[in-house]
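# Structural description and commentary
Each chain, letter by letter, is given below.
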Amino acid sequence: MSQYLSALFRRRPNEGWFRVSRYDATTVDILCALAVASMFVYGASLEAFQRLLFAAPLVREDYEVWRLVTWPIATEPNLFALLGVLFFWMFGQQLEGLFGRNRFLMWVAAVTIVPAVLLTVLGAFSDNLDFSSVNFGLSTLFLCGIWVYAGTYPNVRWFEVMPLWGLAAIFTVLNLLQFSGARAGGQILFMISAIAVGLSVGRSLGLATAWPIPHIPIGGSPGDGTPKRRKPTKPKRRRQPPPQSGSRVVEGPWDKGAPSPSGPPMRPPASPADQVELDRLLDKIGSDGMDSLSGDEKARLNELSKRLRNR
């Protein structure tokens, strides 16, 4: 159990937008920092904090459009909300590592803006769907992220016990029961639309490929649930200096491009096919663990790692 806990709290070396001391500030870091900062805003001025919440009537009638993007970071200062920020920080790093920096930012923007705009428009036609000042926080992004991760690796289990899609389903049902008991149709539609947008945009960006999800291919390769990796580049050949005038190069059996008999045997150069095979083995480890590899596959993984590392 300790190895799983240490893996959860281990910071991933994702590419950040800027550096703070020795750390790269990623999108997940920025969102969590803003969420913690909003707790201090709550303590300083409750009115200022409430201006961060999503309120469809105020967006539609008073043109407070910033509420369409600020609602995820609005976090009340309590223990459960702080734990929610912590869990989002741990899980969000895994998701941002899969997406990549730019695509993850696109995904967060879509999940944040599209459901809010949808409910703002629909609220003008139905009072039952209109609501104001609901504190969703980062929990909505966290739930959508679990669905995307489960759609990418459906065989992954939470602490080797429960499938990740089952955990996402439990969280979704609990929220549905809570909103249904309060007869909050707008909140129910908001959550369902956020999950749908998260899965569809995630599939469009190259993840959640295990399920047949409607999407528009705007990034990533179809059927590939991993971020794009750079293709190995061929090493440049150094040009030999031209022979000096008057000198003569004597040809012999040693000038045939063969390695010296006394030197170590040379490994064949890495090829794009080797990179693809290595990616397939790494995806299998990420999905089912190291034990899922056979002895030959482990030996092949070691060989490919050495070859690509020394290219």
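This one's a predicted model, so the numbers in the text were calculated from it and none came from an experiment. Residue indices begin from 1 for each chain and proceed along its sequence in written order. Reporting of local features is limited, given that this is a predicted model, to residues whose pLDDT is at least 70; pairs of side-chain atoms are given and counted only at 80 or more, and all residues count toward the totals for whole chains, interfaces and linings. The basis for every side-chain value is the complete set of heavy atoms in the structure, and neither hydrogens nor water enter the calculation.

### Some remarks on the overall build of the protein chain
A tally of regular secondary structure across the protein chain gives 12 helices and four strands. If you sum the accessible surface of the protein chain, you get close to 19,300 Å²; carbon and sulfur atoms cover 61% of it. Secondary structure follows DSSP: runs of H or I at least 4 residues long count as helices, runs of E at least 2 residues long count as strands, and numbering of each begins at the N terminus. Here the Shrake-Rupley method, with its probe set to 1.4 Å, supplies the accessible areas, and only the displayed protein chains count as covering residues.

### As for a nonpolar patch on the surface
Patch members must show over 30% relative accessible area and no salt bridge, and they are joined within 9 Å when carrying like charges or within 5 Å when they are nonpolar side chains of Val, Leu, Ile, Met, Phe, Trp or Tyr. By definition, a salt bridge exists where a carboxyl oxygen of Asp or Glu is found within 4 Å of a side-chain nitrogen of Lys or Arg. A cluster of nonpolar residues, V69, I113, V117, V121 and F125, forms a patch on the protein surface that exposes about 460 Å² of accessible area. Here the nonpolar patch gets three residues from one element, more than from any other, and that element is helix α7 (residues 101-122). Residue placement: V69 occurs in helix α5 (residues 67-70).

### Thoughts on the environment of L105
Secondary-structure assignment places L105 in helix α7. Taking the C-alpha atoms as reference points, L105 and V28, separated by 77 residues in sequence, lie 9.2 Å from one another. Two residues qualify as a contact provided that any one of their heavy atoms is within 4.5 Å of a heavy atom in the partner residue. Contact partners of L105, with chain neighbours within four places excluded, come to W17 and T27.

### Section: helix α8 (residues 139-152)
Expected span, for any helix, means 1.5 Å times one less than how many residues it has. With 14 residues, α8 extends 20 Å from end C-alpha to end C-alpha; this agrees with the ideal 20 Å at 1.5 Å per step. The rule is simple: take the accessible area with a 1.4 Å probe, protein chains only, and divide by the maximum for that residue type; under 20% is buried, over 50% is exposed, in between is partly exposed. When you tally the buried positions in α8, you get 13 out of 14 residues, the bulk of the element.

### Overview of the pattern of salt bridges
Applying the stated criterion across every chain yields a total of three salt bridges. Here D24 makes a salt bridge to R19, at a shortest N to O gap of 2.9 Å. E64 serves as the salt-bridge partner of R67, at 2.6 Å between the closest nitrogen and oxygen. Assigned by exposure class, R67 and E64 land together as buried.

### Overview of the packing of aromatic side chains
Each pair of aromatic rings is reported with the distance of its centres and the angle of its planes. Two aromatic rings, drawn from Phe, Tyr or Trp (for Trp, its six-membered ring), form a pair once their centres lie within 6.5 Å of each other, and the interplanar angle then sorts them: stacked below 30 degrees, edge-to-face above 60, tilted otherwise. Taken as a whole, this structure holds 14 aromatic pairs when the rule is applied. An aromatic cluster of at least three residues, connected via ring pairs, comprises F54, W71, F136, F179 and F190. Either the NZ atom of lysine or the CZ atom of arginine qualifies as a charge over a ring when it sits within 6 Å of the ring centre and within 35 degrees of the ring normal. Positioned over the ring face of W17 is R101, at 4.2 Å from the centre of the ring.

### Here we look at unusual backbone geometry
For Y63, which is not glycine, the phi torsion reads 60 degrees and is therefore positive. Turning to its location among the elements, Y63 is positioned in the loop between α4 (56-61) and α5. One non-glycine residue with positive phi stands out, namely R183, at about 55 degrees. As for its position among the elements, R183 is in the loop between α9 (164-181) and α10 (185-204). We classify R183 as exposed; its relative accessible area is 70%.

### Digging into the side chain of E96
Mapped onto the elements, E96 comes out in helix α6 (residues 79-99). Residues contacting E96, with those up to four places away along its chain left out, are N14, E15, T26, T27, V28, R101 and F104.

### As for the nonpolar core
The set of buried Ala, Val, Leu, Ile, Met, Phe, Trp, Tyr and Cys residues whose side-chain atoms join them within 4.5 Å is what this entry labels a nonpolar core. Of all hydrophobic cores here, the largest spans 54 residues; its most connected members are F54, L95 and W107. Listing elements by their share of this core, those giving two or more residues are α2 (27-44), α4, α6, α7, α8, α9 and α10. Filtering out sequence-adjacent residues up to four positions away, L95 remains in contact with F104, W107, G145, V148, Y149 and L207. In this structure, L281, L293, L301 and L304 belong to the second largest nonpolar core, which totals five residues.

### Things to note about the environment of R300
When you line up the elements, R300 lands in helix α12 (residues 295-309). Remark: the alpha-carbon pair of R300 and E277, spanning 23 residues in sequence, is separated by 9.2 Å. Every residue in contact with R300, bar those within four places of it in the chain, is listed here: D274, E277, L281 and R307.

### A look at the environment of R157
Tracing the backbone through its elements, the reader meets R157 in strand β3 (residues 157-158). With 10 residues separating them along the chain, R157 and L167 place their C-alpha atoms 9.1 Å apart. Discounting residues that sit within four places of it in the chain, R157 has contacts with M162, P163 and L164. Side-chain atoms alone can form a polar contact between residues adjacent in sequence; in general such a contact is a pair of N or O atoms within 3.5 Å, and within protein one must be able to donate a hydrogen while the other accepts it. In terms of polar contacts, R157 uses its side chain to reach the backbone carbonyl oxygen of V161, at 3.1 Å.

### With respect to the packing of α7 against α8
Between the N-to-C directions of two axes lies an angle of 0 to 180 degrees, each axis being a line fitted to C-alpha atoms and, for a helix, fitted only over the stretch in contact. Viewed as axis vectors pointing N to C, α7 and α8 meet at an angle of 125 degrees, and their least axial separation amounts to 11 Å. Of the possible angle classes, the one that applies to α7 and α8 is oblique. Both α7 and α8 take part in a crossing whose hand is right-handed. Residue-level contacts link W107, V108, V111 and T112 of α7 to L141, C144, G145 and V148 of α8. When residues are grouped by polarity, Ala, Val, Leu, Ile, Met, Phe, Trp, Tyr, Cys and Pro land in nonpolar, Asp, Glu, Lys and Arg in charged, and all others, Gly among them, in polar. Of the residues contributing to the contact of α7 with α8, the split by class is six nonpolar, two polar and no charged. These descriptions rest on fixed angle ranges, namely under 35 degrees for roughly parallel, over 145 for roughly antiparallel, 65 to 115 for roughly perpendicular, and the rest for oblique. Handedness of each helix crossing follows the sense of rotation of the near helix against the far helix: counterclockwise by less than a right angle gives left-handed, clockwise gives right-handed.

### A few points about the packing of α8 against α10
Direction vectors running N to C along α8 and α10 enclose 45 degrees, while the axes themselves pass 9 Å from each other. Relative to α10, the element α8 is oriented oblique. Judged by the sense of rotation from one axis to the other, the crossing of α8 with α10 is right-handed. Facing T140, L143, C144, W147 and V148 of α8, the residues of α10 in contact are M191, A194, I195, G198 and L199. The residue makeup of the contact of α8 with α10, split by class, is eight nonpolar, two polar and no charged.

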